[in-house]
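# Observations on the model geometry
Here is what each chain is made of, one letter per residue.
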Amino acid sequence: GENVEQHPSTLSVQEGDSAVIKCTYSDSASNYFPWYKQELGKRPQLIIDIRSNVGEKKDQRIAVTLNKTAKHFSLHITETQPEDSAVYFCAARASYGKLTFGQGTILTVHP
Amino acid sequence: SQTIHQWPATLVQPVGSPLSLECTVEGTSNPNLYWYRQAAGRGLQLLFYSVGIGQISSEVPQNLSASRPQDRQFILSSKKLLLSDSGFYLCAWSPDSNSNQPQHFGDGTRLSIL
């Protein structure tokens, strides 16, 4: 089955800096890669996703890149703000709508 | 628009007691439905998923079971809870098996076993 590795497990940045979270996946058939943000005690919420026919997608301060050959994808957050502090999960989907999630990255943005 | 409801929000149960958590989706038909568990400070573990009424796939053998008695209803159950069943349980849905559409999560149930 699919295996998703996510790094780093914790990330601490100063407000205004950029943050990058990286994920690798194992199943070359995976074709959909969402990213979720989970604030403390709340549900994960989708922040951006990318499909395998696209190499990069951007939404304001958030961007995701996908390298199918290397089987890795990354989340980029620019001009970070304290409200970006949360746990971020990457995921990959290969079949039947099942998502395989990474282990999560705790992002802390210091004012 | 589609909405997902999950209840209760919190639950405290003694060891050995039964469990029933319910999840319903509105505004769509024949969704894929999922149950996840999240231990404190940990990732999302897929427990069960369903692609249709009465169709349940188990991802991890354990003390829990799932049922889908109606198209938009997904139930997580246990006959006898263990201490290790504590956690944050999340229900999620996605439109169907073959479309690359995101999963959307309910607000979750925080389950504490005493």
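Here the structure is shown first, and the text comes after it.
Okay, so let's go over this structure. (Residues numbered from 1 in each chain as written. Chains lettered and ligands numbered in written order. Predicted model: local features only at pLDDT ≥ 70, side-chain atom pairs only at ≥ 80, totals over all residues. Heavy atoms only, no water.)

Once that is clear, we can look at the pairing of strand β6 (residues 55-58) of chain B. All names here are of chain B. Across three bridges, strand β5 (residues 44-52) lies against β6 in antiparallel orientation. Across the sheet, residue G52 finds its bridge partner in β6, namely Q55. Here β5 hands over to β6 after two residues, with G54 in that stretch at a positive phi of 75°. (Pairing = 2+ DSSP bridges. Helix = DSSP H or I, 4+ residues; strand = E, 2+ residues; numbered from the N terminus.)

A few words on the nonpolar core. Nonpolar side chains tend toward joint burial in soluble globular proteins. Counting 23 residues, the largest nonpolar core has W35, F73, L75 and L107 of chain A as the members making the most contacts within it. Those elements giving two or more residues to this core turn out to be β2 (10-14), β3 (19-25), β4 (32-38), β5 (45-51), β7 (62-67), β8 (72-77), β9 (86-93) and β11 (105-110) of chain A. Those residues in contact with L107 of chain A that lie beyond four places of it in its chain are L11, V13, A19, I77, D84, S85, A86 and Y88 of chain A. Counting residues in hydrophobic clusters, the runner-up holds 20 residues, among them L33, W35, L47 and F48 of chain B. (Core = buried A, V, L, I, M, F, W, Y, C linked by side-chain atoms within 4.5 Å. Buried < 20%, exposed > 50% of the residue type's maximum accessible area, 1.4 Å probe, protein only. Contact = heavy atoms within 4.5 Å.)

In this section: the state of the cysteines. Evaluated as defined, the whole model comprises two disulfides over all chains. For C23 of chain A, the disulfide goes to C90 of chain A, at an S-S distance of 1.9 Å. One quick way to see it: the torsion about the S-S bond of C23 of chain A and C90 of chain A is about -100°, and its sign makes the bridge left-handed. Highlighted residues: C23 of chain A in strand β3 and C90 of chain A in strand β9, separated in sequence by 67 residues. C90 of chain A carries the same exposure label as C23 of chain A, and that label is buried. Two residues share a disulfide in this structure: C23 of chain B and C91 of chain B, whose sulfurs sit 2.0 Å from each other. The sign of the -75° torsion about the S-S bond sets the C23 of chain B-C91 of chain B disulfide as left-handed. With C23 of chain B in strand β3 (residues 19-26) and C91 of chain B in strand β9 (residues 87-94), this pair connects stretches of sequence that are 68 residues apart. (Disulfide = S-S within 2.5 Å.)

Counting residues at the interface gives 24 residues for chain B and 19 residues for chain A. When chain B packs against chain A, close to 1700 Å² is buried across both sides, 50% of that on carbon and sulfur atoms. When residues of chain B are sorted by the area they lose upon contact with chain A, L44, N100 and F105 of chain B head the list and together hold 32% of the total. As a salt-bridge pair, K98 of chain A and E59 of chain B come within 3.3 Å of each other at their nearest N and O atoms. Here chain B is connected to chain A by six residue pairs in polar contact (both at pLDDT 80 or more). Of all the secondary structure elements, the ones that give two or more residues to the side of chain B that touches chain A are β4 (32-38), β5 and β9 of chain B. When residues of the side of chain B that touches chain A are assigned to their parent elements, the largest contribution, four residues, is made by β4 of chain B. Among the residues forming the side of chain B that touches chain A, the class breakdown is ten nonpolar, ten polar and four charged. (Buried area = accessible area lost by both parts, 1.4 Å probe. Salt bridge = Lys/Arg side-chain N within 4 Å of Asp/Glu carboxyl O. Polar contact = N/O pair within 3.5 Å; in protein donor to acceptor, adjacent residues only side chain to side chain. Nonpolar A, V, L, I, M, F, W, Y, C, P; charged D, E, K, R; others polar.)

As enumerated under the stated definition, the model contains twelve aromatic pairs over all chains in all. Between the aromatic rings of F101 of chain A and Y36 of chain B, the centroid separation amounts to 5.5 Å while the plane-to-plane angle is 85°, which identifies the pairing as edge-to-face. Here F101 of chain A, found in strand β10 (residues 99-101), pairs with Y36 of chain B, found in strand β4, and the two come from separate chains. A relative accessible area of 1% means that Y36 of chain B is categorised as buried. Here the aromatic cluster, defined as three or more aromatic residues joined through ring pairs, consists of Y36, F89 and F101 of chain A together with Y34, Y36 and F105 of chain B. (Phe/Tyr/Trp six-rings, centres within 6.5 Å; stacked < 30°, edge-to-face > 60°.)

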